Amino acid sequence: MNAASYVIPLPPQASLPVVGESGRYPVRRIWCVGRNYLEHIREMGNDERAPPFFFAKHADMLVPDGATIPYPPLTKDLHHEVELVVAMKSGGLNIPADKALDHVYGYAVGIDLTRRDLQIASRKKERPWEIGKSFDGSAPCSAVQPASKIGHPTKGKIWLTVNGKEAQKGDLTELIWNVPEIIWQLSQQVKLAAGDIIMTGTPAGVSQLQPGDKLECGVDGVGTLKVSIGQPE
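Every chain is numbered independently, its residues counted from 1 as its sequence is written. Selection of residues for local features in this predicted model requires a pLDDT of at least 70, selection of side-chain atom pairs for listing and counting requires 80 or more, and totals for whole chains, interfaces and linings are taken over all residues. Side-chain metrics rest on all non-hydrogen atoms present in the structure, leaving aside hydrogens and water.

As annotated in an unreviewed UniProt entry, the protein chain carries the name FAA hydrolase family protein and comes from Bradyrhizobium guangzhouense.

## Observations concerning helix 2 (residues 116–124)
Counted only if it meets this: Relative accessibility decides the category of a residue: with a 1.4 Å probe and only protein chains considered, values under 20% of the type maximum give buried, values over 50% give exposed, and everything between is partly exposed. Counting from the N terminus, the helices are DSSP H or I runs at least four residues long and the strands are E runs at least two residues long. The arc under discussion is defined with respect to the helix axis, by the directions toward the C-beta atoms.
Along helix 2, the residues classified as buried are Arg 116, Leu 118, Gln 119 and Ser 122. Down the axis of helix 2, the buried side of the element spans an arc of 165°, and every buried residue falls inside it. Glu 126 lies just past helix 2 and shows a positive phi near 55°.

## Some details on the sheet that holds strand 4 (residues 53–57)
Condition: Note: two strands are recorded as paired if DSSP finds a minimum of 2 bridges between them.
The sheet built from six strands is open, its strands ordered 4-3-15-8-9-12 with mixed pairing. Taken across any chain shown, the strands that pair with only one partner, and hence form the sheet edges, are strand 4 and strand 12 (145–146). One ladder, built from four bridges, connects strand 3 (residues 29–34) with strand 15 (residues 196–199); its direction is parallel. Within strand 15, the position partnered with Ile 30 by the bridge is Ile 197.

## Topic: the side chain of Glu 83
Going by this rule: Under the counting rule used here, the positive set is Lys and Arg, the negative set is Asp and Glu, and His together with the chain ends is not counted. The rule for a salt bridge is simple: a side-chain nitrogen of Lys or Arg has to be within 4 Å of a carboxyl oxygen of Asp or Glu. A 3.5 Å cut-off defines polar contacts: any pair of N or O atoms within that distance qualifies, except that in protein one atom must be a possible hydrogen donor and the other a possible acceptor, and neighbouring residues in sequence count only when both atoms are side-chain atoms.
Summarising the element assignment, Glu 83 is placed in strand 8 (residues 82–88). The buried charged residue Glu 83 lacks any salt bridge, with Lys 133 as its nearest oppositely charged partner at 5.8 Å. A polar side-chain atom of Glu 83 sits 3.3 Å from the main-chain amide nitrogen of Thr 200.

## Description of helix 5 (residues 179–186)
Our working rule: Contact between two residues is taken to exist if any of their heavy atoms lie within 4.5 Å; hydrogens are not considered.
Within helix 5 the residues assigned to the buried category are Val 179, Pro 180, Ile 182, Ile 183 and Leu 186. All buried residues of helix 5 fall inside an arc of 160° around its axis, so they share one side. In the core, the buried residues of helix 5 are packed alongside strand 3, strand 4, strand 8, strand 9 (104–111) and strand 15. A distance of 3.0 Å separates the backbone nitrogen of Glu 181 from a side-chain oxygen at the start of helix 5, and that oxygen is part of Asn 178.

## Brief notes about the sheet that holds strand 10 (residues 114–115)
Read from one edge to the other, the open sheet built from three strands follows the order 10-7-16, with strand pairing classed as antiparallel. The open sheet terminates on both sides in strands that have one partner only, identified here as strand 10 and strand 16 (208–209). In this structure, strand 7 (residues 78–79) lies alongside strand 16, joined through two bridges in antiparallel fashion. Across the sheet, residue His 79 finds its bridge partner in strand 16, namely Gln 208.

## Thoughts on the pattern of salt bridges
Summed over all chains, the structure comprises six salt bridges. The salt bridge partner of Lys 133 is Glu 81, with a shortest N-O separation of 3.3 Å. Taken together, the positions of Lys 133 in helix 3 (residues 130–133) and Glu 81 in the loop between strand 7 and strand 8 put the pair 52 residues apart, joining distant regions of the chain. In this pair, the class of Lys 133 matches that of Glu 81, namely buried. Measuring nitrogen to oxygen at the nearest pair gives 2.7 Å for the salt bridge that ties Asp 112 to Lys 133. Separated by 21 residues along the polypeptide, Asp 112 in the loop between strand 9 and strand 10 and Lys 133 in helix 3 bring together distant segments of the chain. In this structure, a network of salt bridges that share partners links the residues Lys 57, Glu 81, Asp 112, Arg 116 and Lys 133.

## Focus on the side chain of Asn 36
Topologically, Asn 36 is positioned in the loop between strand 3 and helix 1 (38–43). Among the polar contacts made by the side chain of Asn 36, one reaches the main-chain amide nitrogen of Trp 177 at a distance of 2.8 Å. A polar contact is formed between the side chain of Asn 36 and the backbone oxygen of Thr 200, at a distance of 3.0 Å. Excluding anything up to four places from it in sequence, Asn 36 contacts Pro 52, Glu 174, Leu 175, Ile 176, Trp 177, Ile 182, Thr 200 and Gly 201.

Below you can see the structure in the form of structure tokens.
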């Protein structure tokens with residue numbers, strides 16, 4: 001079907017640039033892993049024995065490198081969470097862990113912006129987390145590095161600074177679930193497909209953001225990402 005087949009204009013296709021390529025990576029869905037670094041679990045006061053779990057953001061919540069993100073509505077406690085991002089080139093149901101990397105196109109650096117006060121309020125009322133995690137501009141993401149060029153990173157520093165001061169620092173070796181295990185577990189819940197990206201969890205050091213803050217983050221061997229927090233719209 002072409003654009004003329006629809007009664008309203010087609011929404012734009014969410015996508016990310018690819019390092020060294022003129023074509024872009026189309027994004028279908030954004031999946032996020034909760035509680036996948038031990039020190040972050042401890043700093044949030046959660047049960048260390050509970051397994052990580054998954055939640056989603058909408059693809060149009062992606063923000064490109066260099067953007068200024070308006071401070072979101074309804075919150076007074078916006079937090080940053082730097083993450084390794086996995087970009088899928090294929091998928092399926094029940095993907096075995098030992099076959100999972102065959103489905104990975106590449107990797108990027110992302111930030112899971114979180115309205116922490118709303119997230120905590122929802123958790124206390126046993127309501128879904130969506131209001132705290134899924135909002136406009138909540139998924140900044142760098143360009144994708146093809147795995148064909150960088151391989152599949154299993155170690156390396158993951159970090160984030162706010163206004164030049166280190167806030168988060170960890171290593172990919174500290175992931176409780178590694179990338180193949182994440183894909184294996186998630187594919188038991190949903191049928192993964194090309195264009196799905198997975199944010200794999202954040203290390204300790206999350207903190208509150210204010211309008212005017214400048215964020216820079218990165219994963220060794222993958223790339224860096226810079227965004228700023230602007231005034232509310």
